[in-house]
Amino acid sequence: MRGLTCAGAVGAGGRCAPRLSADVSQTHNMNRGLRCRHAFEFVCVHANGDVVCSIIDGRGDFVIGSAHQQSLSDIFAGARAQELRRLVLSTADSYCPAISKKCPLKSIPFEPGEDPPVRIRFLAIEPTTACDLRCLTCPVRDFTGDVTWRDAYRDGGVSFLLWDGLRRSKQHAADGVRRAIPLLNGRTPAQLGRRGASLLRGRIAKSRTGTLPIDVLKRVVTEAGPGVERVDLFNYGEPFLYRHLIDALRHVRKTLPTTTIAISTDGMQVREQVESTIVRERLLDWVIFSIDGCDADSYRRYRIRGSFEVAFANLVRFHRKAMGTGIRVIWQYVVFRWNDRDDQFRRAIALAEELGIQICFDFAHTWGRSRRSPDDLRYLTPYLKPFTALPGELRQDGW
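Residues numbered from 1 in each chain as written. Predicted model: local features only at pLDDT ≥ 70, side-chain atom pairs only at ≥ 80, totals over all residues. Heavy atoms only, no water.

### What about the overall build of the protein?
Scanning the protein from N- to C-terminus turns up 13 helices and 13 strands. Its C-alpha atoms give the protein a radius of gyration of 20 Å, near enough to 21 Å, the size a compact globule of 399 residues would have. With the C-alpha coordinates of the protein rotated into their principal frame, the extents come out at 60 × 50 × 45 Å. Counting over 399 residues, the protein shows a buried share of 56%. Surface summary for the protein: the accessible area is close to 17,000 Å², and the carbon and sulfur share equals 52%. Across the protein, the centroid of the 59 positively charged side chains sits 3 Å from that of the 44 negatively charged ones. (Helix = DSSP H or I, 4+ residues; strand = E, 2+ residues; numbered from the N terminus. Rg over C-alpha atoms; globule rule 2.2 N^0.38 Å. Buried < 20%, exposed > 50% of the residue type's maximum accessible area, 1.4 Å probe, protein only. Areas by Shrake-Rupley, 256 points an atom, 1.4 Å probe, with all protein chains shown as cover. Lys, Arg positive; Asp, Glu negative; His and termini not counted. Charge placed at Lys NZ, Arg CZ, Asp CG, Glu CD.)

As structure tokens, this is what we get:
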């Protein structure tokens, strides 16, 4: 997983921009519910053409349309998209019936009877599911086919083996139950209930993988229209493995000249020739390098098959080349329990400030997440990724 796009500005000195002062948790009461912004303002196109709400639905559990068969406007206004919004508003807490789980992006308070505005403001396109890494807990491990439960112990140790083994066993059992009782396939998550929908979530469909044809990508960008505020050319998979990347970026820049364009990368496949073209033609506004640690030991716990030295060298080189161009190069440090010590944070901050690189911390919400108290981490607030939160606290404004 590349990580969610920085949604706000980044300040000088390597610090992330000040976060919203409003505390979402204080505004949530019995008379108000929580919704996301993505079902109402965001479109995410998977590499196989399926359209979903956001990066949270990496499995493709609630597909609202196909970019191969429909226009973007038809998809966003269609019955399936309307059903998605209804489901989001049907629960007051962070649970989303559409994807049958709690969503960390469902954090915007809304009043009963409120009708949120619906228009495409943000577009995410996953160019390819091909990836050079096999990061722990990333859906890529499930749908690439070259990683099984047998790799879990080698990659993540005993605790990950237990977590991954139980998860995969449950998915296989769910598929078996659905085959044995076909009637269940016609039931909606709401009809199954929260526990039933969770238990009956099976394996990711084999059709989830793919590479988006460049003509489809260009058409989607064109159909999105000038009202789009940001295009994220990433989701799962590594965007720098997409052989049409430069062609795609040129089309986005030409078609949507005032739109912010962002890419998130693991940093391993950034080649100097491609990098030079991006910088020379200013094809990006944001380049986010996901490097989760301050050294090789902390980095490799999650970024399986990656190299801290290679990724960080590519980050530094891109940053130096992009200086003065307006392209913002960000070091995103996703925090887990093995890279959440104070000395690790301070070392990363010092390294970023020494090199003049902007750094943002983003606390993971999945297996391996940090268990530290937010009160002990307040000093990281200036460096938090915009709209994200410390462990145990709500993300802000639906990001």
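Next, the rest of the story.
### Focus on the layout of surface pockets
Empty space within the second largest pocket amounts to approximately 560 Å³. Asp61, Phe62, Ala98, Arg178 and Pro189 are the residues nearest the centre of the second largest pocket, which is lined by 32 residues in total. Looking at side-chain class alone, the lining of the second largest pocket contains 13 nonpolar, seven polar and 12 charged residues. (1 Å grid on protein atoms, 1.4 Å probe; cavity = no way out; pocket = protein on both sides within 12 Å on 5 of 7 lines; lining within 4 Å. Points joined across faces, edges and corners; volume = space filled by probe spheres on them. Nonpolar A, V, L, I, M, F, W, Y, C, P; charged D, E, K, R; others polar.)

### Topic: the packing of aromatic side chains
Throughout the structure, instances matching the rule amount to 16 aromatic pairs. Among the aromatic residues, ring-to-ring pairing joins Tyr299, Phe308, Phe312, Trp331, Tyr333, Phe345, Phe361 and Phe363 into one connected group. Above the face of the Phe62 ring, Arg80 is positioned so that its terminal group lies 3.7 Å from the ring centre. Note that Arg346 overlies the ring of Tyr379, its terminal NZ or CZ placed 4.8 Å from the centroid. (Phe/Tyr/Trp six-rings, centres within 6.5 Å; stacked < 30°, edge-to-face > 60°. Lys NZ or Arg CZ within 6 Å of the ring centre and 35° of its normal.)

### Concerning the environment of Leu162
Following the sequence through the fold, Leu162 ends up in helix H6 (residues 152–180). For the pair formed by Leu162 and Pro257, sequence separation is 95 residues and the distance between their alpha carbons is 49 Å.

### Describing helix H12 (residues 308–322)
Taking 1.5 Å as the rise per residue, H12 with 15 residues should run 21 Å; its terminal C-alpha atoms sit 21 Å apart, in good agreement. Of all the residues in H12, the buried ones are Phe308, Ala311, Phe312, Asn314, Leu315, Val316, Phe318, His319 and Ala322. Of the surrounding secondary structure, the elements contacted by the buried residues of H12 are helix H10 (272–281), strand S11 (286–290), helix H11 (296–299), strand S12 (328–335) and helix H13 (342–355). Gly324 sits one or two positions beyond H12 and adopts a positive phi of about 85°. (Expected span 1.5 Å × (residues − 1). Contact = heavy atoms within 4.5 Å.)

### As for the packing of helix H8 (residues 214–224) against helix H9 (residues 245–255)
Axis separation between H8 and H9 bottoms out at 10 Å; the angle between their running directions is 20°. For the element pair H8 / H9, the angle class is roughly parallel. The crossing of H8 and H9 is right-handed. Contact residues: Ile214, Leu217, Lys218, Val221 and Thr222 in H8; Asp247, Ala248, His251, Val252 and Thr255 in H9. Within the contact of H8 with H9, the residues separate by chemical class into five nonpolar, three polar and two charged. (Axes fitted to C-alpha atoms, helices over the stretch in contact; angles between N-to-C directions. Parallel < 35°, antiparallel > 145°, perpendicular 65-115°, else oblique. Left-handed = near helix turned anticlockwise from the far one by under 90°.)

### Here we look at the confidence of the model for the protein
When pLDDT is averaged across the protein, the result is 90; 92% of the residues are at 70 or more. Between residues 3–13, whose pLDDT stays under 50, and residues either more than four places distant or in other chains, the model counts 45 contacts. Below pLDDT 50 for its whole length, residues 17–30 participates in 26 contacts with residues either more than four positions away or in separate chains. (pLDDT = per-residue confidence, 0-100.)

### Description of the environment of Arg86
Topologically, Arg86 is positioned in helix H4 (residues 79–89). On a C-alpha basis, the gap between Arg86 and Val287 in space is 34 Å, while along the polypeptide they are 201 residues apart. Side-chain polar atoms of Arg86 contact the side chain of Glu83, separated by 2.8 Å. (Polar contact = N/O pair within 3.5 Å; in protein donor to acceptor, adjacent residues only side chain to side chain.)

### Notes on the pairing of S12
Of all eight residues in S12, seven are buried, a share of seventy percent or more. Across five bridges, the pairing between S11 and S12 is parallel. Bridge assignment links Phe289 to a residue of S12, and that residue is Trp331. Pairing geometry for S12 and strand S13 (residues 358–363), over six bridges, is parallel. Bridging across to S13, Val334 finds its partner in Asp362. You can see the chain leave S12, run along H13 and come back into S13, and the turn it takes is right-handed. (Pairing = 2+ DSSP bridges. Right-handed = clockwise from strand over helix to strand, strands pointing away.)

### So, the sheet that holds strand S9 (residues 230–232)
On the basis of which strands lie adjacent, the open sheet formed by nine strands has the order S4-S3-S2-S8-S9-S10-S11-S12-S13 and mixed pairing. With partners counted over all chains shown, the strands left at the sheet margins are strand S4 (65–66) and S13, one partner each. Relative to strand S8 (residues 122–125), H8 is tilted by about 175°, and along the sheet it contacts strand S2 (42–45) and S8.

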